[in-house]
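The lines below spell out each chain.
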Amino acid sequence: MEDNKIQELNTSPQLAPPSAGGESIHVFAPATVANVVCGFDVLGFAVNEPGDEVIMRMTNKPGITISKITGDDGRLPMDPAKNTVSVSVLHYLQSIGRTDVGLDIELHKKMPIGSGLGSSSASTVAGLFAIKTLLGDTADPAKLLPFAMKGEEMACGHGHADNVAPALFGGFVLIRSYEPLDVVRLPHPAGLWCAIVFPDVDVPTREARQIIRKNIQMKDAVTQWGNIAGLVSGLFMNDIDLIGRSMKDVLVEPVRSMLIPDFYKMREMALELGAVSFGISGSGPSVFAFTRDEETAKRITQKLQQHLTNLKIGSNTYVSTINDAGPKVIG
Ligand code: HSE
């Protein structure tokens, strides 16, 4: 098996014996930038910040409870039958025949919901990584991917993997195929920085998917697959110029950019300030730029934030390298 090809999604688990309760774990899972401009639904990468946190405790009573959610302004369901984290964890427990397990979940949202930064994916991946670790399941983390995709389906009506896969594996990820699922980790230049700006307007993924054109022209398809191939080649070749000139989207961005305040002005500003590329993060409204250094990334976030403030739009900004680690136990 090639090292960078994540296969054997159904590896048998080696599980710890049933717990008497009381054990707990605190897990962080990262935000992700899906699509990476030209790779709608097939490319994504993880960043170091922001990210979500889950604290999971074993209890003596079988079943899942959610005792606390913070950082969501009351928008997420506390009902474990309706929350994507608990539902994904339950699917995982059912798959390994462990519905005897009792769990309590605390979810701490550290990023805005509906931001285009893979908010629901970060929470779901944190929950799945927490239960897998608590149970001492040593199987390949890739086996969690289908459960995380179920969470996405619940959150936005479509089980795309370009947020959950990079949140779970870290780094840059290609979804080569959905049926059958074939996920490939890609290399990336070490010196690539990412500047993210989240303008405080709500763009639910479900709606941002509905406005996309259902049919495309052959000439646009040719442009798009040339760019995807160029981006992937640039990642392998450490060629940041090739990465930059390949990150163009003629299919989705022309439609979705209408949902983002002053998108084209922000792009012009970012490129003038030295960005390698600029585009929509996932389904938006967050936008991101790749840069060759931290200073340029910081300058871009400051200037774009100032521009949005002038338009009376609040924003959050993040500057990060690409996160190769994925989820991690923090307590
Ligand atoms: N590929 C998905 C979309 C990502 O663009 O709808 C959502 O974050």
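Residues numbered from 1 in each chain as written. Predicted model: local features only at pLDDT ≥ 70, side-chain atom pairs only at ≥ 80, totals over all residues. Heavy atoms only, no water.

An unreviewed UniProt entry annotates the protein as Homoserine kinase of Mucilaginibacter pineti. The annotation that UniProt attaches to the protein under Catalytic activity (unreviewed entry) is "L-homoserine + ATP = O-phospho-L-homoserine + ADP + H(+)". Checking UniProt for the protein, the heading Pathway (unreviewed entry) contains the comment "Amino-acid biosynthesis; L-threonine biosynthesis; L-threonine from L-aspartate: step 4/5." (UniProt positions renumbered as here; feature names shortened; annotations may be inferred.)

Novice: Help me understand the sheet that holds strand β11 (residues 315-321), please; the structure alone is not making it clear to me.
Specialist: Strand pairing in a sheet takes place through backbone hydrogen bonds and is either antiparallel or parallel in direction. Here we have 4 strands laid out as an open sheet, ordered β9-β10-β8-β11, and antiparallel in their pairing. The open sheet has two free edges, formed respectively by β9 (277-280) and β11, since each of these has just one partner strand. Averaged over all pairs of adjacent strands, the angle between their axes in this sheet comes to 15°, without regard to strand direction. Against the sheet, helix α9 (residues 263-272) contacts β9 and β10 (287-291), and its axis sits at roughly 155° relative to β9. (Pairing = 2+ DSSP bridges. Helix = DSSP H or I, 4+ residues; strand = E, 2+ residues; numbered from the N terminus. Axes fitted to C-alpha atoms, helices over the stretch in contact; angles between N-to-C directions. Contact = heavy atoms within 4.5 Å.)

Novice: What am I meant to see in the pairing of β9 here?
Specialist: In terms of strand pairing, β9 meets β10 through 4 bridges, oriented antiparallel. Residue pairing in the sheet places Gly-279 in a bridge with Phe-288 of β10. Connecting β9 to the next strand, β10, in antiparallel fashion are 6 residues, including Gly-282 with a positive phi near 55°.

Novice: Would you explain the layout of surface pockets in this entry?
Specialist: Leftover empty space is mapped by rolling, across the atoms, a probe with the size of a water molecule. When its volume is computed, the largest pocket comes out at roughly 680 Å³. Considering the residues around the largest pocket, the lining is formed by 38 residues, among which Ile-113, Gly-114, Ser-120, Ala-155 and Thr-205 are closest to the centre. For the lining of the largest pocket, the elements supplying multiple residues, two or more each, are α1 (84-95), α2 (119-134), α3 (145-156) and α5 (205-210). Looking at the lining of the largest pocket residue by residue, the class counts come to 12 nonpolar, 16 polar and 10 charged. Taken as a whole, the second largest pocket encloses approximately 150 Å³ of empty space. Classifying every residue of the lining of the second largest pocket gives 8 nonpolar, 3 polar and 2 charged. Here the lining of the second largest pocket gathers at least three residues from each of two domains, domain 1 (3-186) and domain 2 (193-321). (1 Å grid on protein atoms, 1.4 Å probe; cavity = no way out; pocket = protein on both sides within 12 Å on 5 of 7 lines; lining within 4 Å. Points joined across faces, edges and corners; volume = space filled by probe spheres on them. Nonpolar A, V, L, I, M, F, W, Y, C, P; charged D, E, K, R; others polar. Domains from an automatic or database assignment.)

Novice: I would appreciate a short explanation of the site of the ligand in the present structure.
Specialist: Every residue lining the ligand is accounted for by Ala-34, Asn-35, Phe-40, Asp-41, His-160, Asp-162, Asn-163, Thr-205, Arg-209, Arg-256, Gly-282 and Ser-283. Between the ligand and the protein, one listed contact pairs a nitrogen atom with a side-chain N or O atom of Asp-162 at 2.7 Å. In the model, an oxygen atom of the ligand is placed 2.7 Å from a nitrogen or oxygen of the Arg-256 side chain. Out of a free accessible area of 260 Å², the ligand has 98% covered by protein chains. Cavity membership is defined here by more than half of the atoms lying within 2 Å of grid points; on that basis the ligand lies in the largest pocket. Looking at the shell around the ligand, its residues break down into 2 nonpolar, 6 polar and 4 charged. Here the shell around the ligand spans two domains, since at least three of its residues come from each of domain 1 (3-186) and domain 2 (193-321). (Near = heavy atom within 4 Å. Polar contact = N/O pair within 3.5 Å; in protein donor to acceptor, adjacent residues only side chain to side chain. Areas by Shrake-Rupley, 256 points an atom, 1.4 Å probe, with all protein chains shown as cover. Sits in = over half its atoms within 2 Å of the grid points.)

Novice: It is not clear to me how the pattern of salt bridges should be interpreted in this structure. Could you clarify?
Specialist: Close approach of charged atoms allows side chains of opposite charge to pair. Tallied over the full model, the rule gives 16 salt bridges. Of the charged contacts, one joins Glu-106 and Arg-57 as a salt bridge, the two residues approaching to 3.2 Å between their closest N and O atoms. Separated by 49 residues along the polypeptide, Glu-106 in strand β5 (residues 102-108) and Arg-57 in strand β3 (residues 43-59) bring together distant segments of the chain. For Glu-106, a relative accessible area of 11% gives the class buried. With a shortest N-O distance of 3.4 Å, Asp-202 and Arg-75 are connected by a salt bridge. Separated by 127 residues along the polypeptide, Asp-202 in the loop between β8 (193-199) and α5 and Arg-75 in the loop between β4 (63-70) and α1 bring together distant segments of the chain. Salt bridges linked by common partners bring Arg-57, Asp-104 and Glu-106 together as one network. (Salt bridge = Lys/Arg side-chain N within 4 Å of Asp/Glu carboxyl O. Buried < 20%, exposed > 50% of the residue type's maximum accessible area, 1.4 Å probe, protein only.)

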